[in-house]
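Spelled out, the chains give:
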Amino acid sequence: MRKDTERYYKEKLRILEGGPSKYHHHNESSGKFFVRKRIEMLFDPGTIIEDGLFANAEEPSLPADGCVTGIGEINGKTVCFLAADSTVKAGSWGAKSVEKNIRIQEKAIDLKIPILYLIDSAGARITDQLDVFPGRRHGGKIFYNMVQMSGVVPQICVLFGPSPAGSAYIPAFSDLVIMIEGNSSAYLGSPRMVEMAIGEKTTMDKMGGARMHCSISGLGDILVQSEEEAIAAIKKYLEYMPQNFEEVPEIKEAKPPKEGRGLEEIIPENNNTPFNMYELIDQLIDEGSWFEYKELFAPEIITGFARMGGKVIGLVANQSKVKGGTLFVDSPDKAARFIWICNAYQIPLVFLSDVPGYMIGTKVEQAGIIRHGAKMITAMSEATVPKISVVVRKCFGAGLYAMSGPAFGADAVLSLPSGQIAVMGPEAAVNAVYYNKIQEIPEEEKAVFIGEKRREYAENIDIHRLASKLIIDDIVGFDELRGELIRRFNVYRTKKTSGLQKRNAIHPV
């Protein structure tokens, strides 16, 4: 064998092995795969093209500079990726790994294909900060690129390990964030740094753990228990996404919904009786097609992707089993982000309304519920994809606006026979309007008076009356809703619309 060939193979083998064996063993004991094993599990065999394998090759302790970047296929879809190698300097960013990250982002932009951020990193190498932090093509450029790519190509982040300090913004700028319980973490300052800086004693799980971020902060979208589950989640999510904003999601063979009770049996006649909205969703979508977004965060509102008649749709639904379906401070944040994703990638939206409105009180007002609530209404109003709003049961107050009510550009506002639209429910309305009168009435006459006024109010907001006034477009039978939605979306698929010309809107934050 020629010497140059022998040198090439020797160097390549050394680099492919990653860092010292002790770090491989440590990962194995933590249920973590070597970065190249993850990539092998994720991509179709024989499709990977790697760039920058020999980056920093003159430094033997930094194979590939601790970062693997390239392009491959996942179930036939071409996807770019960047992946940290935690066996090399704990996956930290050096000058060459930052440059590799930027180059693969630029490749994703040029090819208009999705990009994966597979993070297991200690962040930037502080000892190399002048080469990785402040410059035009340093770490900040990665985040700048992510902002520019947002809504152009799908960006998916998986935290296989830590994502500290500056690198914590990678999940924040991604469309979808998958976190692994027990291994994933994201934080701006470590527990040790926090204690030194502000005197707070905390733990990694409490401050930056996977479950905390998926249920409390909202940074994480999908919580899984293993790396295998994380890889499966990436593959499934990509099934709902087009390659870029100019394309539409792939259509698959239609399937009937899951066997179960009909909507008339699922939905209680009493508006105040909670029911499981997931059971209703199962009767509308193709069986096995549900992919939930932010399941653990703000569970009073449900968001997720599914197929209906083989076509991808996005669902936003109120869950009366959690807080009565009332919208709290986090609910609109969750819904707004989901709506932005759907609108960016040409995914039609269905709103299933059973909402008493936004929460009231000192605590939520101080937390900014008006500002947060406006965010959801803004996202929904700006969405130009086909939108159908379905009044499942009650739809009261600003909840009507948030759930794409008649004034907010829905292509159709439909109601089931159980639907009600009003500023508030009969109980609250009668109390608000007749409170003084009720106090004056003798105790034995109050129940009769209140009951009569509630009946009058209910008649005034009767859904057939609203249909007669063309406030809603149609009333649909319980057993007709799925077919009606499929037919309407088939018609609305050619919809083309845009808002007023502007540089940018001033969004509520």
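A quick note: this is a predicted structure, and the numbers were derived from the prediction, not measured.

A.B. asks: Go over the packing of helix α18 (residues 426-440) against helix α19 (residues 443-460), please, and point to the residues and values.
C.D. replies: Interaxial distance between α18 and α19 falls to 10 Å at its minimum, and their mutual angle equals 135°. With respect to their mutual orientation, α18 and α19 come out oblique. For the pair α18 and α19, the crossing hand works out as right-handed. Contacts from Pro 426, Glu 427, Ala 429, Val 430, Tyr 434, Lys 437, Ile 438 and Gln 439 in α18 reach Lys 446, Phe 449, Ile 450, Lys 453, Arg 454 and Tyr 457 in α19. Here the contact of α18 with α19 is built from residues that sort into 8 nonpolar, 1 polar and 5 charged.

A.B. asks: I'd like a rundown of the nonpolar core, residues and numbers included.
C.D. replies: In a soluble, globular protein the nonpolar side chains are often hidden away together inside. Leu 116, Leu 118, Ile 178, Phe 305, Val 316 and Leu 349 are the most contacted members of the largest nonpolar core, which has 69 residues in total. Residue contacts for Leu 349: discarding those within four places in its chain leaves Gly 314, Val 316, Phe 338, Ile 339, Cys 342, Ala 383, Val 385, Pro 386, Lys 387, Ile 388 and Phe 489. Membership of the second largest hydrophobic core comes to 30 residues, among which are Phe 275, Met 277, Leu 315 and Val 390.

A.B. asks: Residue-level account of the pairing of strand β12 (residues 311-318), with values.
C.D. replies: With 7 of its 8 residues buried, β12 lies for the most part within the structure. As judged from the 8 bridges shared by strand β11 (residues 301-308) and β12, these two strands associate in the antiparallel manner. Its bridge partner being in β12, Ala 306 is matched across the sheet by Ile 313. Hairpin connection from β11 to β12: 2 residues lie between these consecutive antiparallel strands, with Gly 309 at a positive phi of about 65°. With helix α14 (residues 330-344) bridging β12 and its parallel neighbour strand β13 (residues 349-355), the resulting β-α-β unit is right-handed.

A.B. asks: Which residues make up the packing of α14 against helix α16 (residues 369-382), and what values go with them?
C.D. replies: Interaxial distance between α14 and α16 falls to 8 Å at its minimum, and their mutual angle equals 15°. Here α14 is positioned roughly parallel relative to α16, judged by the angle of their axes. Considering only the axes of α14 and α16, their crossing is left-handed. Residues Pro 332, Asp 333, Ala 335, Ala 336, Ile 339, Trp 340 and Asn 343 of α14 pack against His 372, Gly 373, Lys 375, Met 376, Ala 379, Met 380 and Glu 382 of α16. Of the residues assigned to the contact of α14 with α16, the class counts are 8 nonpolar, 3 polar and 3 charged.

Criteria and thresholds
Residues numbered from 1 in each chain as written. Predicted model: local features only at pLDDT ≥ 70, side-chain atom pairs only at ≥ 80, totals over all residues. Heavy atoms only, no water. Axes fitted to C-alpha atoms, helices over the stretch in contact; angles between N-to-C directions. Helix = DSSP H or I, 4+ residues; strand = E, 2+ residues; numbered from the N terminus. Parallel < 35°, antiparallel > 145°, perpendicular 65-115°, else oblique. Left-handed = near helix turned anticlockwise from the far one by under 90°. Contact = heavy atoms within 4.5 Å. Nonpolar A, V, L, I, M, F, W, Y, C, P; charged D, E, K, R; others polar. Core = buried A, V, L, I, M, F, W, Y, C linked by side-chain atoms within 4.5 Å. Buried < 20%, exposed > 50% of the residue type's maximum accessible area, 1.4 Å probe, protein only. Pairing = 2+ DSSP bridges. Right-handed = clockwise from strand over helix to strand, strands pointing away.

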